[in-house]
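Now for the letters of each chain:
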Amino acid sequence: QCGWSNSDLACRPVYGNDNQPYDVTFNLNIGTLATERCCSICSAHTYEHACINEPGCGWAPFDGAGGMCVSGTPDFPCKGNLTVVIWDEVHGGGDCYAQFDTQLGPAGRRLQAGNKACTGAGLINNTFHTRVEYLDIHAHHGVNQLVVQYNTATLTTPLDIANYELFYLTEYTVIKKMEPITVYPDGHPKYTIAVDVNKWEGMWYDRRFGIPHKDTWCLNGDGPEGVEASCVHELYGAEAFYAYGFPKPWSTNSGIDRHDSIVVYQLVDSIGESYLMGHVDRSNDGSGGTLNMAITTQGLSIVSFTALFQRFFTLATQADYDAFETAVAAFVKDVTGDLVSSIKTTPPPPKNNAPHGGDGPRTPLPMGNPEYPGLLELTVRIACFSPVQADEVKAALEVLTPAQASQLFGIFGTNADNTVRNGIMMLYGITTDPVLFYENKYNDAFQDAYTYTETTNVAEFTFTGSINANWEWDKCCGDGFIIGPLPLTSWNIHFAVRTWSGLSYFKIGTYSYEKETIGYYTLPIEYATLAYGGVLIEGGTLTDYCQKLYSPTTISSFVEILSSGQAGQNQDICTACVADPSCQYAPKHGGCISINAYVPDFGCPRQAISPQIKLFSRTGPKAFDVHKNSTRVVRAGMDGFLGNLCPCNVQYRYLLVVYEYHTMTQVYFKSDISPRLDHPYTFIDVPCIETGAYSIVTDGSNGGLSGNPGGSGGTTTGTKRYAYYLYLCYHQRDNGGPWDDCSRPAIYYDEPPGSPPSP
């Protein structure tokens, strides 16, 4: 009954009255229901992150050319016959602070020039420090799930140096998921010696903070007494996590590097930006080595450029830098119609009252172009949300003149006669190079360097980047790199080891949130060579992740988590899929998909048979300790359970309602109780059940009550009794409520014996 009016940007009824007709995009007399009633604001978005952050929009990943953004509500989308739609806004949140515009948002990372930025941040000792709750950190890593693929046998036709970029045609036999690290681990220098803990009252770091999006680091440590403050600089949190140069010089100090190994893992910071971190060998392990490795990237979304300022213009304060970065973000918004993920400016500004342990005013890093001594030279790194957006930004920068850039970025002065003096002399070095940090890039003694080239339209991606990386290190040291920030659209990075010495393994790091430590998939280094097809890491949306990891072509590699008692490949896929907290299995809506997708129907039957119910009380020591609030226990069973195959077996929940028997007053309600599928019974502890006598004063109007002998009025007494109603419900996710399709109740009348355990 509704349509979107482009004239006044409002939702209007399809049928306007005669006095006030509405010109809506959808009209029953023209076009069709399937194509004519979607909001143009939603339709303009071309990828999931931007779409679901727009109020009223949802992302249909399987429809259109690579997905489409639609308007409406979960039960009433603007188009019919969509496979599935993701409506949940999983990227939002955080408080707003106007003074920190360049801290570009929490998980949503939304920057609108001139507006406050949602930082998800707090103030500690009057110093800005990114702060997120631990549960939010889990939400961040849920949006950035990666998979890694490799082979354990040589290819029939091995890739060679001339065509290794054709790796996307390779079939990989092993696929595994990677969990990102989102906190500083125990023993990290940022946790211990690299910080003046006295300045932070012994509370410098808490895991709830996550890894700050912007953090500080110094080759001599980050602020202990005696450290010269000018060495402390603001960097991406991923760079501070790498902890280059302190306390071990010329090496990472993250603690994640390993002896004679290449280590690759994912890091997600406090605003949800994702990075791929790499370490080559471990310092002080008794041996050095060499490595030549080809790194091929597809679908990344970094754009960088360098601006050389006129002598009369400089950026002296943090406010100057903030204004400059906000102007760059506004430029991206004007060019692409979309927000920017983050911006990093190098060198950073000098600061007073520097966050995270700075002891005084800072001075910028050594800067300037040797051909133009004394002039300020800034490199600006723009992290876009998608490669399409990055391509648009790069094309716009390539045609931007210094005069235009001066005006757009606010880098200009005014002469006495009110004429404008442009502040930017040159704009150059425009590149999509995704390498954020490369260890010892300018080391003359060792051959540490890389080259980056870009080609377009390879496979289905916008552009492909090729990195030819070389490292050489002594026994004192190690090497490494950081790539990112990574986009929220589909991307992949392929590693192909060409030549090496002093290395034996290629390790893929994956973080355990239960153990709070990182573990490794360990491969012989030969598995990462061209003969085996190299190592492929893929990222993107949660639907990309679920589809890649749990599909007919990959599920055989997950025998360790399959249910061997269920026959059929679809059952194996489903069982593995629903065991992953990031995914759900919807047989009518695309198979294994994002947990955030709205699934109206899993194709599961309503449970026709009432569940089994028995009652008892807990006894023994645990009754007064672990279960001290339990007064009665319901033993629930599913005799004759209809939906015993996946996904139906995980889509049912118990619902328990307890009434006082004589008045039918509800005394307890509990829903969303997952049955224990690997046990015959599920136990539900019920608190607040009282024993003893009851007394009811009646006026004759409730003569039908059980226990009341008639309707003549008076006082009725007896022993307290309760009625237990146990349902088995189909777990739906619609606006009518999650428990509106239940079995007939199993009813049990109970007179609790004796006294309950003392609290």
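Quick caveat, the model's predicted, so the values are computed rather than measured.

Reading the values: rules and limits
In this convention, every chain numbers its residues from 1, walking through the sequence in written order. In view of the model being predicted, local features appear only for residues whose pLDDT reaches at least 70, and side-chain atom pairs are presented and counted only at 80 or more, with totals across whole chains, interfaces and linings using the full set of residues. The side-chain numbers reported here are obtained from all heavy atoms of the structure, hydrogens and water having been left aside. Secondary structure elements are taken from DSSP: a helix is a run of H or I of four residues or more, a strand is a run of E of two residues or more, and numbering for both begins at the N terminus. Should any heavy atoms of two residues lie within 4.5 Å, those residues are considered in contact. Surface accessibility follows the Shrake-Rupley procedure with a 1.4 Å probe radius. Residue values consider only the protein chains on display as shielding. What makes a patch is a set of residues exposed beyond 30% relative accessible area and free of salt bridges, joined within 9 Å when like-charged and within 5 Å when nonpolar (Val, Leu, Ile, Met, Phe, Trp, Tyr). A carboxyl oxygen of Asp or Glu within 4 Å of a side-chain nitrogen of Lys or Arg is what we treat as a salt bridge. Each residue gets one of three labels from its accessible area relative to the maximum for its type: buried under 20%, exposed over 50%, partly exposed in between, using a 1.4 Å probe on protein chains only. Stacked, tilted and edge-to-face pairs are distinguished by plane angle, under 30 degrees for stacked and over 60 for edge-to-face with tilted covering the rest, among Phe, Tyr and Trp rings (Trp via its six-membered ring) whose centres lie within 6.5 Å. Expected helix span is computed as 1.5 Å times (number of residues minus one). Strand pairing follows a simple DSSP-based rule, namely that at least 2 bridges must link the two strands. Axis lines are fitted through C-alpha atoms, for helices just across the contact stretch, and the angle between N-to-C directions can take any value from 0 to 180 degrees. The rule for a disulfide is simple: a pair of cysteine sulfur atoms within 2.5 Å. Distance and chemistry together define a polar contact, namely a pair of N or O atoms within 3.5 Å, with one atom able to donate a hydrogen and the other to accept it when in protein, and with adjacent residues in sequence counting only for side-chain atoms on both sides. We count Lys and Arg on the positive side and Asp and Glu on the negative side, and we leave His and both chain ends out. Each nonpolar core is a collection of buried residues, namely Ala, Val, Leu, Ile, Met, Phe, Trp, Tyr and Cys, held together in the definition by side-chain atoms within 4.5 Å. Confidence of the predictor at the level of single residues is captured by pLDDT, which takes values from 0 to 100. Any angle that falls under 35 degrees is termed roughly parallel, while one over 145 is termed roughly antiparallel, one within 65 to 115 roughly perpendicular, and all others oblique. Think of the arc as the fan of directions from the helix axis to the C-beta atoms.

Helix and strand counts for the protein chain stand at 9 helices and 42 strands. For the protein chain, long-range pairs separated by at least 24 residues make up 67% of all intrachain contacts whose partners lie at least 6 apart in sequence. Summing over all exposed atoms, the protein chain offers an accessible surface of approximately 32500 Å²; the carbon and sulfur share of this is 52%.

Taken together, the side chains of Leu166, Tyr168 and Leu169 define a hydrophobic patch exposed on the protein surface, amounting to about 270 Å² of accessible area. Summarising the element assignment, Leu169 is placed in the loop between β10 (146-150) and β11 (174-178). The class for Leu169 is exposed, based on a relative accessible area of 62%.

Here the focus is the packing of aromatic side chains. Applying the stated criterion to the full structure yields 21 aromatic pairs. The interplanar angle of 25° and the centroid separation of 5.9 Å between the aromatic rings of Trp471 and Phe481 together place this pair among those described as stacked. With Trp471 in strand β25 (residues 463-473) and Phe481 in strand β26 (residues 479-486), this residue pair connects regions lying 10 residues apart in the sequence. Comparing Trp471 with Phe481 shows no difference in burial state: the two are buried.

For the rest of this paragraph, the subject is helix α5 (residues 318-336). A rise of 1.5 Å per residue sets the reference length of α5, with its 19 residues, at 27 Å; its end C-alpha atoms lie 27 Å apart and thus fit the reference within 8%. Taken residue by residue, α5 has Tyr321, Asp322, Phe324, Glu325, Thr326, Ala327, Val328, Ala329, Phe331, Val332 and Thr336 as its buried positions. With its phi angle positive at about 75°, Gly337 sits one or two positions after the end of α5.

Quick look at the sheet that holds strand β37 (residues 665-673) now. Ordered by their spatial adjacency, 4 strands build an open sheet running β37-β36-β41-β42, and the pairing between neighbours is antiparallel. At either end of the open sheet lies a strand with only one pairing partner, and these are β37 and β42 (746-750). In this sheet, adjacent strand axes meet at a mean angle of 15° when their direction is disregarded. Across 6 bridges, the pairing between strand β36 (residues 652-660) and β37 is antiparallel. Counted as the bridge partner of Val657 is Phe669 from β37.

According to the stated counting rule, one finds 7 disulfides in the structure shown. In this model, Cys574 is linked to Cys646 through a disulfide, with the two sulfur atoms separated by 1.8 Å. For the disulfide bridge between Cys574 and Cys646, the dihedral angle about the S-S bond is near -75°, and by the sign convention the bridge is left-handed. Of the two residues, Cys574 is situated in helix α9 (residues 569-578) and Cys646 in the loop between β35 (632-637) and β36; the sequence distance between them amounts to 72 residues. With a relative accessible area of 0%, Cys574 lands in the buried category. Here Cys39 is not cross-linked by a disulfide; its sulfur's nearest cysteine counterpart is in Cys42, at 4.2 Å. The class for Cys39 is buried, based on a relative accessible area of 5%.

Turning our eyes to something else, we now look at the side chain of Asp580. Among the secondary structure elements, Asp580 is positioned in the loop between α9 and β31 (583-586). When its relative accessible area of 1% is taken as the criterion, Asp580 is described as buried. Of the polar contacts made by the side chain of Asp580, one reaches the backbone nitrogen of Ser582; its length is 2.9 Å. Among all residues touching Asp580, those that are not within four sequence positions of it are Lys177, Tyr545, Leu549 and Tyr550.

Now for the sheet that holds strand β34 (residues 612-616). Hydrogen bonds between backbone atoms are what pair the strands of a sheet, whose relative direction is either parallel or antiparallel. Spatial ordering of the open sheet is given by β34-β35-β38, a layout of 3 strands whose pairing is antiparallel. Looking at which strands have only one partner, the edges of the open sheet turn out to be β34 and β38 (681-686). Neighbour to neighbour, the strand axes of the sheet diverge by 25° on average, direction disregarded. As paired elements, β35 and β38 share 6 bridges and run antiparallel to each other. Pairing of Arg635 across the sheet is with Phe683, part of β38.

Relative to the helices and strands, Leu267 resides in strand β14 (residues 261-268). Residue contacts for Leu267: discarding those within four places in its chain leaves Ile181, Ile211, Ala238, Phe241, Glu273, Ser274, Tyr275 and Met277.

Moving on: the side chain of Lys507. Position of Lys507 relative to the elements: it lies in strand β28 (residues 505-512). Although Lys507 is buried, it forms no salt bridge, and the closest oppositely charged side chain is Asp260 at an N-O distance of 11 Å. What Lys507 contacts, discounting residues up to four positions off in sequence, is Arg258, Ser261, Ile262, Val263, Val264, Tyr520, Tyr521 and Thr522.

Moving on, we get to the nonpolar core. Counting 38 residues, the largest nonpolar core has Met293, Phe495 and Phe506 as its most contacted members. The next biggest cluster of nonpolar side chains, apart from the first, holds 35 residues, and it includes Cys39, Ile673, Ile684 and Leu726.

As a further point, take the confidence of the model for the protein chain. Parts of the prediction with low pLDDT should not have their coordinates interpreted in detail. Model confidence for the protein chain is summarised by a mean pLDDT of 75, while 69% of its residues fall at 70 or above. Low pLDDT (under 50) marks residues 557-568, which in the prediction has 21 contacts with non-local residues, meaning those over four places away or in another chain. Here residues 702-710 is modelled with pLDDT under 50, and outside its nearest four sequence neighbours on either side it reaches 14 contacts, counting other chains as well.

Turning next to the pattern of salt bridges. Under the definition given, this model contains 11 salt bridges. A salt bridge links Arg653 to Asp672, with the nearest nitrogen and oxygen atoms 3.1 Å apart. Taken together, the residues Arg653 in strand β36 and Asp672 in strand β37 connect sequence positions 19 residues apart. A salt bridge links Glu690 to Lys720; its shortest N-O distance comes to 2.4 Å. In this pair, Glu690 sits in the loop between β38 and β39 (693-698) while Lys720 sits in the loop between β40 (714-719) and β41 (722-730), placing the two residues 30 residues apart along the sequence. On the accessibility criterion, Glu690 (45% relative accessible area) is partly exposed. Several salt bridges share partner residues, and in doing so they unite Lys248, Asp257 and Arg282 into one network.

Turning our attention to the packing of α5 against helix α6 (residues 387-398). Between α5 and α6, the shortest axis-to-axis distance is 10 Å and the interhelical angle comes to 105°. Judged by the angle between their axes, α5 and α6 are roughly perpendicular. Contact residues: Phe331, Val332, Val335 and Thr336 in α5; Gln389, Glu392, Val393, Ala396 and Leu397 in α6.

Once that is clear, we can look at the environment of Val148. Its place among the elements puts Val148 in strand β10. Apart from residues lying up to four places away in sequence, Val148 is in contact with Val174, Ile175, Lys176, Met178, Ile508, Tyr521, Val535, Leu536 and Ile537.

Okay, the environment of Phe324 next. One can find Phe324 in helix α5. Accessibility expressed as a relative area gives 1% for Phe324, which makes it buried. Between the C-alpha atoms of Phe324 and Thr345, which are 21 residues apart in sequence, the distance is 9.3 Å.

A word on helix α8 (residues 542-549). Those residues of α8 that fall on the buried side of the exposure criterion are Leu542, Thr543, Tyr545, Cys546 and Leu549. For α8, the buried positions fall inside an angular range of 160° around the axis, keeping them on one side.

Within β36, 9 of the 9 residues are buried, leaving the element largely enclosed by the surrounding structure. Residues Tyr652, Tyr654, Leu656, Val658 and Glu660 point to one face of β36 and Arg653, Leu655, Val657 and Tyr659 to the other, with burial holding for every one of them. Where β36 lies against β41, 9 bridges are found, and the strand directions are antiparallel. Paired with Tyr652 across the two strands is Tyr730, which belongs to β41.

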